[in-house]
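Structural features, examined
Listed below are the residues making up each chain.
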Amino acid sequence: MRFRLFFVLSLVAAAALRAGSPERSVVQILTFSQTPVFDAPWRFDPVRRSGGSGFVIKGRRIMTNAHVVAWARQILVRRYQDPRPFQARVAYIGHDCDLALLEVDDPSFFDGLEPLEFGDLPAVRSTVVSVGYPAGGEQISYTRGVVSRIEIQNYSHPGNRALLAVQTDAAINPGNSGGPVLQDDEVVGVVFQGIPGLENAGFFIPPEVIHHFLKDVEDGRYDGFPMAGIRLVALHNPAYRAHLGLDNEPVGARVDGLLSGSPAEAVLKPDDVLLEVAGYAVGSDGTVLYEGNRVPVALIFQSPQNGESVRLKLLRDRQPMELDLPVAVYEGDRLAGNQYDSPPRYVVHGGLVFTPLSADYLRTLGRDQTDAGAAALIYELYYRRSEQPGQARPEPVVLAATLAHPVNANLSIRGRALVDTINGVRIERLEDVVQALESCASDQHVIEFSGRGGFECLDRDAAAAANPEILETYGIPSDRRL
């Protein structure tokens, strides 16, 4: 009887802890990170220290933002009102959804900490509380705000993905990232970004995205959020609707294009009219009504896990039909987003530095992105895949820089140029550069650049002989990272 009473009291105490002191499970995260230099890809910037927040969830893990721990060399975590730092490491990271799970080496870190429970998507106009360790102090901070809107937002961490997000007017500052947003002591979001110049507008990741991430990693690997690969356009024009066999009810959006290589290419056709996706009626503007909020139908396509299917109702050639559309994670635009986890690939030969064209490399151009050379790189990275999919390269390669040496002193093209061919080999990816250089039977390497870049030549034997000296002079540990 005494044991049973103790057990019941323990449960009550734990529940009281969860209900009354959720901040005890909110932790401070200190990250020491080092990012690569994308136009000198063998180098890294100096180590920098940054702060963030996180919170304990089931399984003795800490949830935080991916951007809080990206490129981390060391991660330290501190408990609420406990000055001791504990070593932590990344167990899973989802850069597309800006979420990460940390594990702590010392299991005693979790002693006395109750995992926070997740709630549902909060309603617009309801009140939420953000908890974390923002800049400006070392102690935990609370800010209260109202849910302002719920919609699909660009996630700035990946740079080229948009997922469901919740806007609030609660003050969100650097250091808040990764902290929980609470409603009735349940987690209804993870703080992740603001918009510079926009006052009283911060964003948090809602439970839909969090649960998708947690389910994804259950098999021990993170795959990511799938994409439908469909470009939809609004269908408001009554004459066009009649042409497609539709009445004037505000339902149905037209398939305008399909992503090359996506599963949708084999299932859908241009001019199909989407009427319903997974039971959600598609509005004539391409949106669905989700939990009382009008959001793009892309949200419904993002809900399944990688490789699962979505049931569609559509109109094709004026005939109604139903089919299943498989959805999958799309990697074809990986270089157009921000790069993480792996340092940039490169090849150095004769002082010429070759590296994949990426959004990170373009940023190294700074304000020089307005000239014609940079415009050609931007087109190659962001637009050719859509406008000329047959000519798009899986990994465009640029001449990033030329390391000055007598062997390349007469070259007029020194960098910022897209490589088209080397010794007649079309450069589809970085491995083609190595193959083209090493298989050269001529006395000169002939490098052709796209657009108005023209040609350059390099003496084959002289370049090979100069390479070790160039690597030593510029402190490059290896002539390649593939």
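Residues numbered from 1 in each chain as written. Predicted model: local features only at pLDDT ≥ 70, side-chain atom pairs only at ≥ 80, totals over all residues. Heavy atoms only, no water.

**Looking at the overall build of the protein**
Within the protein, the regular secondary structure consists of 10 helices and 28 strands. If one aligns the C-alpha atoms of the protein with their principal axes, the spans along those axes are about 90 × 70 × 45 Å. When each of the 482 residues of the protein is scored for burial, the buried share is 49%. Across the protein, 45 positive and 60 negative side-chain charges occur, with their mean positions spaced 3 Å apart. (Helix = DSSP H or I, 4+ residues; strand = E, 2+ residues; numbered from the N terminus. Buried < 20%, exposed > 50% of the residue type's maximum accessible area, 1.4 Å probe, protein only. Lys, Arg positive; Asp, Glu negative; His and termini not counted. Charge placed at Lys NZ, Arg CZ, Asp CG, Glu CD.)

**As for the sheet that holds strand 6 (residues 99-104)**
Pairing in this closed barrel of 6 strands is antiparallel, and the strands run 1-2-3-6-5-4 around the ring. The average angle at which neighbouring strand axes cross in this sheet is 40 degrees, direction not considered. Pairing geometry for strand 5 (residues 86-94) and strand 6, over 6 bridges, is antiparallel. Across the sheet, residue tyrosine 92 finds its bridge partner in strand 6, namely leucine 101. (Pairing = 2+ DSSP bridges. Axes fitted to C-alpha atoms, helices over the stretch in contact; angles between N-to-C directions.)

**Things to note about the side chain of threonine 402**
Mapped onto the elements of the fold, threonine 402 is located in strand 23 (residues 397-402). The exposure class of threonine 402 is buried, given its relative accessible area of 13%. At 2.9 Å, the side chain of threonine 402 forms a polar contact with the backbone oxygen of arginine 414. (Polar contact = N/O pair within 3.5 Å; in protein donor to acceptor, adjacent residues only side chain to side chain.)

**Observations regarding the nonpolar core**
One finds Met63, Leu99, Val209, Phe213, Val277, Phe301 and Leu312 to be the most contacted residues of the largest nonpolar core, which totals 64 residues. The leading source of residues in this core is strand 11 (residues 186-194), at 5 residues. If sequence neighbours within four positions are ignored, valine 209 has contacts with Cys97, Leu99, Tyr155, Leu163, Leu164 and Phe225. Judged by nonpolar contacts, the second largest core, of 45 residues, contains Val37, Val347, Val407 and Ile470. (Core = buried A, V, L, I, M, F, W, Y, C linked by side-chain atoms within 4.5 Å. Contact = heavy atoms within 4.5 Å.)

**A look at the pairing of strand 11**
Within strand 11, 7 of the 9 residues are buried, which leaves it mostly tucked inside the rest of the structure. Note: strand 10 (residues 180-183) against strand 11, 4 bridges, orientation antiparallel. If you follow valine 181 over to strand 11, its bridge partner there is glycine 189. With 4 bridges joining them, strand 11 and strand 12 (residues 202-205) adopt antiparallel strand pairing. Its bridge partner being in strand 12, glutamine 193 is matched across the sheet by phenylalanine 203.

**Description of the side chain of glutamine 28**
By secondary structure assignment, the location of glutamine 28 is in strand 1 (residues 26-33). If sequence neighbours within four positions are ignored, glutamine 28 has contacts with Gly52, Leu76, Val77, Arg78, Tyr133 and Glu138.

**Examining the sheet that holds strand 9 (residues 161-168)**
Spatially, 7-8-9-12-11-10 is the arrangement adopted by the 6 strands of the closed barrel, whose pairing is antiparallel. On average, adjacent strands in this sheet sit at an angle of 50 degrees to one another, irrespective of strand direction. The pairing of strand 7 (residues 127-132) with strand 10 spans 2 bridges and is classified as antiparallel. Paired with valine 129 across the two strands is leucine 182, which belongs to strand 10.

**Structural notes on the confidence of the model for the protein**
Low pLDDT marks regions whose predicted coordinates should not be analysed in detail. Overall, the prediction assigns the protein a mean pLDDT of 91, with 94% of residues at 70 or greater. pLDDT under 50 marks residues 1-19. Its contacts with residues more than four places away, or in other chains, come to 11 contacts. (pLDDT = per-residue confidence, 0-100.)

**What about the environment of valine 129?**
Tracing the chain through its elements places valine 129 in strand 7. Residue valine 129 is classed as buried on the basis of its relative accessible area, which comes to 17%. Once the C-alpha coordinates of valine 129 and aspartate 184 are considered, the two residues, 55 residues apart in sequence, prove to be 9.2 Å apart. Setting aside anything within four residues of it in sequence, one finds valine 129 in contact with Tyr142, Thr143, Arg144, Pro180, Val181 and Leu182.

**Notes on the packing of aromatic side chains**
Inspection of every chain in the model, using the stated rule, returns 9 aromatic pairs. Relative to phenylalanine 109, the ring of phenylalanine 86 lies with its centre 5.0 Å away and its plane at 70 degrees, an arrangement referred to as edge-to-face. Here phenylalanine 86, found in strand 5, pairs with phenylalanine 109, found in the loop between strand 6 and strand 7; they are 23 residues apart in sequence, far enough to count as distant. With respect to class, phenylalanine 86 is no different from phenylalanine 109; both count as buried. Where tyrosine 280 meets tyrosine 290, the ring centres are 6.0 Å apart and the plane angle is 45 degrees; that geometry is what we call tilted. Note that tyrosine 280 is positioned in strand 16 (residues 280-281) and tyrosine 290 in strand 17 (residues 287-290), a separation of 10 residues in sequence. Overall, tyrosine 280 belongs to the partly exposed group, its relative accessible area being 29%. One aromatic cluster is present, formed by Phe86, Phe109 and Phe110 through successive ring pairs. A cation over an aromatic ring shows up here: arginine 73 above the ring of phenylalanine 44, its NZ or CZ 4.8 Å from the ring centre. (Phe/Tyr/Trp six-rings, centres within 6.5 Å; stacked < 30°, edge-to-face > 60°. Lys NZ or Arg CZ within 6 Å of the ring centre and 35° of its normal.)

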